[in-house]
Structure formats: structure tokens, C-alpha cells
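Residue-level listing of the chains:
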Amino acid sequence: MYRNIVSAVCGILIFMGSFAQDTGMNGILEQISQNNRQLKAYQSYMASQNLANKTENNLQDPEVSAFYLPFGEHQTGDYTEYLVSQQFEFPTVYGARSKRIEKQKELLELEYETLREEVLLNAKKQLLELQTLQKRKELEEKRVEQAKQVYDQIQRLFNAEQIGILELNKAKVAWLQEQFELDQVNIRIRSTLLELQKLNGGNTIEAEEVEFFADPELAEMQTLWEEKLSEDAEIQQLKARENLAQQQVKLEKNKILPDLSIGYNYQGVNSSNYSGFLGGLSIPLWNSKNKVKAAEANLEYTQDNTGAETAELYTRFQEDYQQYQLLKRKYEEYQQTFQDLNSEELLFKAYELGEFSFLDYYREVEFYRQAFNNMLEMEKELLQLKATLLKHQL
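Residues numbered from 1 in each chain as written. Predicted model: local features only at pLDDT ≥ 70, side-chain atom pairs only at ≥ 80, totals over all residues. Heavy atoms only, no water.

A few words now on the environment of Glu 252. As for its position among the elements, Glu 252 is in helix α7 (residues 233-254). Note on Glu 252: relative accessible area 10%, which makes it buried. For the pair Glu 252 and Asn 290, spaced 38 residues apart in sequence, the C-alpha separation works out to 9.6 Å. If we skip the residues at most four places from it in the chain, Glu 252 touches Lys 291, Val 292 and Ala 295. A distance of 2.8 Å separates the side chain of Glu 252 from the side chain of Gln 248, its partner in a polar contact. (Helix = DSSP H or I, 4+ residues; strand = E, 2+ residues; numbered from the N terminus. Buried < 20%, exposed > 50% of the residue type's maximum accessible area, 1.4 Å probe, protein only. Contact = heavy atoms within 4.5 Å. Polar contact = N/O pair within 3.5 Å; in protein donor to acceptor, adjacent residues only side chain to side chain.)

What follows concerns the confidence of the model for the protein. Averaged over all residues, the pLDDT of the protein equals 84, while 89% of them reach at least 70. Per-element averaging of pLDDT across the protein places strand β1 (residues 17-19) at the bottom with 39 and helix α3 (residues 37-55) at the top with 94. Counted against residues more than four places away or in other chains, residues 1-23, with its pLDDT under 50, gives 75 contacts. (pLDDT = per-residue confidence, 0-100.)

Now for the nonpolar core. Ranked by internal contacts, the top residues of the largest apolar core, which has 27 residues, are Leu 29, Ile 32, Tyr 42, Val 119, Leu 127, Ile 189 and Leu 196. Of all the secondary structure elements, the ones that give two or more residues to this core are α2 (25-35), α3, α4 (91-159), α5 (165-199) and α10 (358-389). Among the elements that make up this core, the one with the highest residue count is α4 (11 residues). Sequence-distant contacts of Val 119, defined by excluding residues within four places in its chain, comprise Ile 32, Asn 36, Gln 38, Leu 39 and Leu 199. (Core = buried A, V, L, I, M, F, W, Y, C linked by side-chain atoms within 4.5 Å.)

Throughout the structure, instances matching the rule amount to 21 salt bridges. Here Arg 97 and Glu 89 are joined by a salt bridge, their closest N and O atoms 3.0 Å apart. Glu 89 gets classed as buried once you look at its relative accessible area, which sits at 16%. Here Glu 333 ties to Lys 330 by a salt bridge, and the two come within 3.5 Å at their closest N and O atoms. Residue Glu 333 and its partner Lys 330 are located together in helix α8 (residues 291-339), separated by three residues, close to a single helical turn. Within the structure, one salt-bridge network assembled from shared partners comprises Glu 129, Arg 188, Glu 377 and Lys 380. (Salt bridge = Lys/Arg side-chain N within 4 Å of Asp/Glu carboxyl O.)

For the pair α3 and α4, the least separation of the axes is 10 Å and the interaxial angle reads 175°. On the basis of the axis angle, α3 is roughly antiparallel to α4. The residues of α4 that touch α3, namely those facing Gln 38, Leu 39, Tyr 42, Gln 43, Tyr 45, Met 46, Gln 49, Asn 50, Asn 53 and Lys 54, are Ile 101, Gln 104, Lys 105, Leu 108, Glu 109, Glu 111, Tyr 112, Leu 115, Arg 116 and Val 119. For the contact of α3 with α4, the class distribution of residues is nine nonpolar, six polar and five charged. (Axes fitted to C-alpha atoms, helices over the stretch in contact; angles between N-to-C directions. Parallel < 35°, antiparallel > 145°, perpendicular 65-115°, else oblique. Nonpolar A, V, L, I, M, F, W, Y, C, P; charged D, E, K, R; others polar.)

Before going further, it helps to examine empty space enclosed by the protein. Overall, the coordinates contain one cavity of 30 Å³ or more when judged by the stated rule. Empty space within the largest cavity amounts to approximately 80 Å³. Along the walls of the largest cavity sit Gln 146, Ala 147, Val 150, Ala 171, Ala 174, Trp 175, Glu 178, Phe 358, Tyr 361, Tyr 362, Val 365 and Arg 369, which together make up its complete lining. Going through the elements one at a time, α4, α5 and α10 are the ones with two or more residues in the lining of the largest cavity. Grouping the constituent residues of the lining of the largest cavity by class yields nine nonpolar, one polar and two charged. (1 Å grid on protein atoms, 1.4 Å probe; cavity = no way out; pocket = protein on both sides within 12 Å on 5 of 7 lines; lining within 4 Å. Points joined across faces, edges and corners; volume = space filled by probe spheres on them.)

For the rest of this paragraph, the subject is the sheet that holds strand β6 (residues 272-281). Taken in spatial order, the four strands make up an open sheet running β2-β3-β5-β6, and their pairing is antiparallel. Each edge of the open sheet is held by one strand with a lone partner, namely β2 (63-69) and β6. When the angles between neighbouring strand axes are averaged without regard to direction, this sheet yields 10°. Note that strand β3 (residues 79-88) and strand β5 (residues 260-269) share 10 bridges and pair antiparallel. Bridging across to β5, Tyr 79 finds its partner in Val 269. (Pairing = 2+ DSSP bridges.)

It is worth spelling out a nonpolar patch on the surface at this point. On the surface, a cluster of nonpolar side chains totalling about 530 Å² of accessible area is made up of Val 64, Tyr 82, Val 84, Tyr 264 and Phe 277. Mapped onto the elements, Tyr 264 comes out in strand β5. Under the relative-accessibility criterion, Tyr 264 is labelled partly exposed at 31%. (Patch = residues over 30% accessible without salt bridge, like charges linked within 9 Å, V, L, I, M, F, W, Y side chains within 5 Å. Areas by Shrake-Rupley, 256 points an atom, 1.4 Å probe, with all protein chains shown as cover.)

Structure, rendered in C-alpha cells:
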């Protein structure tokens, strides 16, 4: 039995297996990318933030003021004056702020990509969990069938008065235990499907949709890291924050320049009146004090933080990669051992020949079953670890 199961497992080994591009796992991940409520909410947040950022570069509202002075002692007519003016910052400020708004937009897009990668990584791990559970279910169904065969055989021996009630009860308990294991696996499958449904915006996902086929091994560690440096959204986000801080310095330097104002003024008494244009500029003495220094200090912090965060991410990446290689070697040893082994069938034959009591047989077969379950769990961990290392490809 194990030889057949191991042969099926070999087709989706982590160092040989991958996922379909247009159907199966990638198709489900694409659905989740489109339907996930958290991603949809962040898209709305991005739209609102981008609009809010654009309003920062709007001109101030024009100002209109009027004077009508009919009271007091005067020989001439009542005095009338009105003024229309527009105040604005130095033109280069708008250009610098527009570039900063673009940097803010790029940062928001990378923050969205980082969130999307995290959501899809979670979904991919759930799908890999589902894959393992499906294989466990197939395995447990065979174990239940075999336990039933053993129980039926012992029932016949009991009816023939060749064994006692104690051994019959043990066989029945073993059969019930295997049924319970199968029920537990089915519960875990339903729970995983519900988690995937939540990630998919409430839309159901069928277990049969998941398909797998072969792909190449992971790249060398340094090659993969260089790939992550250029494609991983979390790393690119650090650089985007640095670029935004640099543009903020340029903006603050431009804001030192004076504000300008232009307008039209009318003044009149009786038939005498004056009208014309006005212009003015502010004297930048107080408002910009220390703002450039603050922006430069923030830039220095951002640059230092980029280096520190990148180093931390690289350390974590190295640990994951080395853990992957270690786990892969151990998994290959397990897989090779079980591929050459037919332990359960041999134990059953020995039991039929009377070389084992039922209790000894059950104890031995449970040892091999637990070891095979551990191998399946190891395979799942290996697949999930590889998914983490390749998160930037999602």
C-alpha cells in the first residue's frame, strides 16, 4: 500500500512539483486576488488617499474684499473700494510637491502589493494544507478498509472459538480509531475550505479545483536573493519610502522661496476713481525655520532604516533557505526509505501466519503509519517554506 502511495507523492515533490499556470492553484489564487475583501478595502483606501494627496497641491481660494464708507464728515461722496486677489506659492513649489505626490502614490501601490503577497501567501499555504489533507483522507480511507478486514477476520476466528473476546474487542477499537482519524481529517478539510472561502471574499472553492505538476528546483540562495531585491514588494517599499523622504527635502527647500500674490484693486469717490493691478510677496523669515533640517533628518533616518530592514530581511531569508535545504534532505531520506519499504503488508502477512499477536501487529503497524503521517507533514512544511521563499512571484 505504502509503495503505491509514495509513488503518488513523488509526482508532487517539492523539489519537482509546482502549480498550474492557468488552472488549479494559480487560478484559485487569481480568484482570491480579485475577490478578497481586505484587498478591495485597501484599493478604496488607496483611491481616497491619492485624491487627498492631490488636494495638497491646489491653489488657495481667491479672495474678494469690498469697502463702502458712507459715514463720517466729508465733502465728497461716499468712499468705495473693492479688491480681488490670488495668493500662491512660488511656482517651483508646485512642481516639487507634484513629484512628492507621485512618490506617495508609488508607495501606496507597493503597500498594496505587499498586502496582496501576504494574502496570497496565506491562501497558498491553505491550499497546500488542503493538498496534504486530501492525501491523508485517501490514506485513512484505505486504513479504515484494512482495519475492517482485520476485524472481520478476527470476528471469524472468534466465531470459530480460536481467539478470545479480548482480542476481538481490540480489533474493533482499532477499526473505530481509524474511523475517528478519517472523521478528523474530513473536519480539517472542511475547516480549510472555509478559511479559503473567507479569503476568496465569501465565494466557495472546491477541493477538486487544486491541481499540481512538475517545476524546477529553487535557484541558488544568492541568485534568489537578488531576484527578491528587484521584485519583492516589501523590499521595494523600503526604497520607495527613501525616495519619498528625498523628495520631501526638495519640497521643503523650495518652500523657502517667497509666496506671491496678484490682484485687481478699485478705489473711488464720486466721479474720481482709481483702479489697477497689485502684486506682492511674502518675506520667508519664520514659517520655514528648521523644516529643511527636519526633512533632512527624516531622510537620514529612512536611509539608515532601509539598510537595517534589508539586513533583517536577508537574515530571515537565509534562515528560511537553509531550513528548506535541511528539511528537503530529511524528506528525501524519508521518501526513499518508504519507497523501498512495504512494511504494513509484511506485518499483515506475519500476523496471518501467526508470528504476531494482534496487539503486537497493531503496535508495529501504528509505528509505520505514524512515521508516514510525519512524512506527509514534512512534505507540507517543505512546500509551505518554498512558498514563503517565492512569495515575490505571487
